[in-house]
Amino acid sequence: MAGTASFDYGSQQQKPEAESAAAGYDPNYVPDSVRSFVVHIYRHIREKNVYEIHQMYETSFQSISDRFFKDSPWPSVDAVAPYVDNDHVFCLLYREMWFRHLYARHSPTLKQRIDSWDNYCSLFQVVLHGVVNMQLPNQWLWDMVDEFVYQFQSFCQYRAKMKSKTEQEIALLRQYDQAWNVYGVLNFLQALVEKSTIIQILEQEKEGLVQFTATDGYDYNGGSNVLKVLGYFSMIGLLRVHCLLGDYHTGLKCLLPIDISQQGVYFSVIGSHITTIYHYGFASLMLRRYVALFFDHQLPGFWKFSSMTTSLIAVALLCNINFPKASGILSSEARIPRERNPNFTFIPYFGLNNTKHCSHDQTLVYWPLYRTILMTYKHKTHAVDSDGKITSNADVNFYIDDDMIRVIESKPAKRYGDYFLRQIVKLEGVMSDVDRIKLE
């Protein structure tokens, strides 16, 4: 096993492979490095050797792709099937990687997009209704869910550009109208959540009855982690899909079973960690949950990834704009410099009976303007809490009384703590002076 881990499958620079690459892509040609790769990873999957699977999946697959398949897809599944005993489940896993490499390096055709959908359907059907007795790395399982949602999004964007489609492509879209259907995508993700009973598992874990997070979802008793971990990551996938659809409330509801204030299984994979925190923050922002979002910046790893920090700062800045009372909540690690914030200026108020500065006709001109400004301000400064109740975060309140807009500015609550602290310090000083006085 140790020798297998150190073997570099991408280092076999063989003449036939170079000649094949130069001659063009042959889907039935299997280089020695690919044959060795599928034989060994298939054996490790059968042996449930998660460490070796992870090493080959993360390192060897990328190394072979970079060396031999920069400009072409991997060999077809029919070509490698004889080397893995024509195992149906492994062939589905291989095709999933095959399509993921195709999406990453090339531009898939419409037929390939449809074939990828069919492969995901077959793979998830096996997981949901078959007997899957294997353990796969969390990284691989997350990539399945992540790629599934990504390809759905990519297909929607592809289908929306109808002007560039040929008659054959339009006919194919009509023929396979169920491919990447939004209901199909949601149904598969929801089915994985329900079939895995992951919600009940997380509830039992809180009561100390089972271990899931402590083992990162792996089953060390000889079982399988595939369904449970896929169900776990599918909750994050549902959050992402609902954010794409604009249904932010449902997206956050799908994520409720995962306590993101603690380090969970989602924390073990960088991609799932980023996706969870980013889409949770975005959905909360769109639902105007500014207060909760300001405190959630302290979630584990919220500012960890530099590639996402700009987006997260933008979320925090928007919260600061829409909820001025929250200024100063951000920690020093994530504090936004004040000079980068907009300079807010309170709009002066002119009552309709104020004839000192402008005439009656002039004030009537301002009436629609200030009414719109105040109504917009009131709309922008309302928030929705976790129970769906609307609360106001505005510094001022107002109401319309006949031909008057009456503005009531909220007074900040008096703080007595600083006063008493200063008096205590003074008293301690006086007591020190008294102690130094020598009584005769």
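This text follows the structure it describes.
First things first, this report covers the structure right here in the doc. (Residues numbered from 1 in each chain as written. Predicted model: local features only at pLDDT ≥ 70, side-chain atom pairs only at ≥ 80, totals over all residues. Heavy atoms only, no water.)

## Quick word on the packing of helix α7 (residues 110–129) against helix α10 (residues 182–196)
Any two packed helices are characterised by how steeply their axes cross, that is the angle between the axes, and by the distance between the axes.
Right, so step 1: Relative to each other, α7 and α10 sit at 20°, their axes nearing to 11 Å. In terms of axis orientation, α7 runs roughly parallel to α10. Remark: the crossing between α7 and α10 carries left-handed chirality. Judged by residue contacts, W117, C121, F124, Q125, V127 and L128 of α7 engage G184, V185, F188, A191, L192 and K195 from α10. (Axes fitted to C-alpha atoms, helices over the stretch in contact; angles between N-to-C directions. Helix = DSSP H or I, 4+ residues; strand = E, 2+ residues; numbered from the N terminus. Parallel < 35°, antiparallel > 145°, perpendicular 65-115°, else oblique. Left-handed = near helix turned anticlockwise from the far one by under 90°. Contact = heavy atoms within 4.5 Å.)

## A closer look at the packing of aromatic side chains
Right, so step 1: With the rule as written, the count across this model stands at 26 aromatic pairs.
Right, so step 2: Here W98 and F99 contribute two aromatic rings whose centre-to-centre distance is 5.1 Å and whose plane-to-plane angle is 85°, an arrangement assigned as edge-to-face.
Right, so step 3: Of the residues examined, F99 reaches a relative accessible area of 3% and is grouped as buried.
Right, so step 4: When the centroid spacing of 6.4 Å and the interplanar angle of 35° are considered together, the rings of F155 and Y158 count as tilted. With F155 and Y158 both in helix α8 (residues 138–160), this residue pair falls three residues apart, about one helical turn.
Right, so step 5: Among the residues examined, Y158 registers a relative accessible area of 16% and is labelled buried.
Right, so step 6: Grouping aromatic residues by their ring pairs yields a cluster made of W117, Y120, F124, F148, W180 and F188.
Right, so step 7: The ring of Y158 is capped by R113, whose NZ or CZ atom sits 4.4 Å from the centre of that ring.
Right, so step 8: For K165, the ring lying beneath its charged end belongs to Y158, and the centroid distance is 4.1 Å. (Phe/Tyr/Trp six-rings, centres within 6.5 Å; stacked < 30°, edge-to-face > 60°. Buried < 20%, exposed > 50% of the residue type's maximum accessible area, 1.4 Å probe, protein only. Lys NZ or Arg CZ within 6 Å of the ring centre and 35° of its normal.)

## Remarks on the pattern of salt bridges
Right, so step 1: The final tally for this structure, using the stated rule, is six salt bridges.
Right, so step 2: Here D66 and R105 are joined by a salt bridge, their closest N and O atoms 2.5 Å apart. Placement of the pair is D66 in helix α4 (residues 50–68) and R105 in helix α6 (residues 88–105), with a sequence separation of 39 residues.
Right, so step 3: A relative accessible area of 37% means that D66 is categorised as partly exposed.
Right, so step 4: The closest approach of N and O atoms between R240 and D146, which form a salt bridge, is 2.6 Å. Residue R240 is found in helix α12 (residues 226–245), and its partner D146 is found in helix α8; the two are separated by 94 residues along the sequence.
Right, so step 5: According to the relative accessible area criterion, D146 is partly exposed, its value standing at 23%.
Right, so step 6: Where salt bridges share partners, they join E96, R100 and D143 into one cluster. (Salt bridge = Lys/Arg side-chain N within 4 Å of Asp/Glu carboxyl O.)

## What about the environment of Y29?
Right, so step 1: Tracing the backbone through its elements, the reader meets Y29 in the loop between α2 (15–23) and α3 (32–47).
Right, so step 2: Judged by relative accessible area, which is 27%, Y29 ranks as partly exposed.
Right, so step 3: In this structure the C-alpha to C-alpha distance between Y29 and P75, which are 46 residues apart in sequence, comes to 6.3 Å.

## Comments concerning unusual backbone geometry
Right, so step 1: One non-glycine residue with positive phi stands out, namely D85, at about 60°.
Right, so step 2: With respect to the helices and strands, the residue D85 is situated in the loop between α5 (77–80) and α6.
Right, so step 3: For D85, a relative accessible area of 57% translates into the label exposed.
Right, so step 4: One non-glycine residue, N86, lies in positive phi territory at about 55°.
Right, so step 5: Along the chain, N86 turns up in the loop between α5 and α6.

That's the geometry; what it means functionally is another story.
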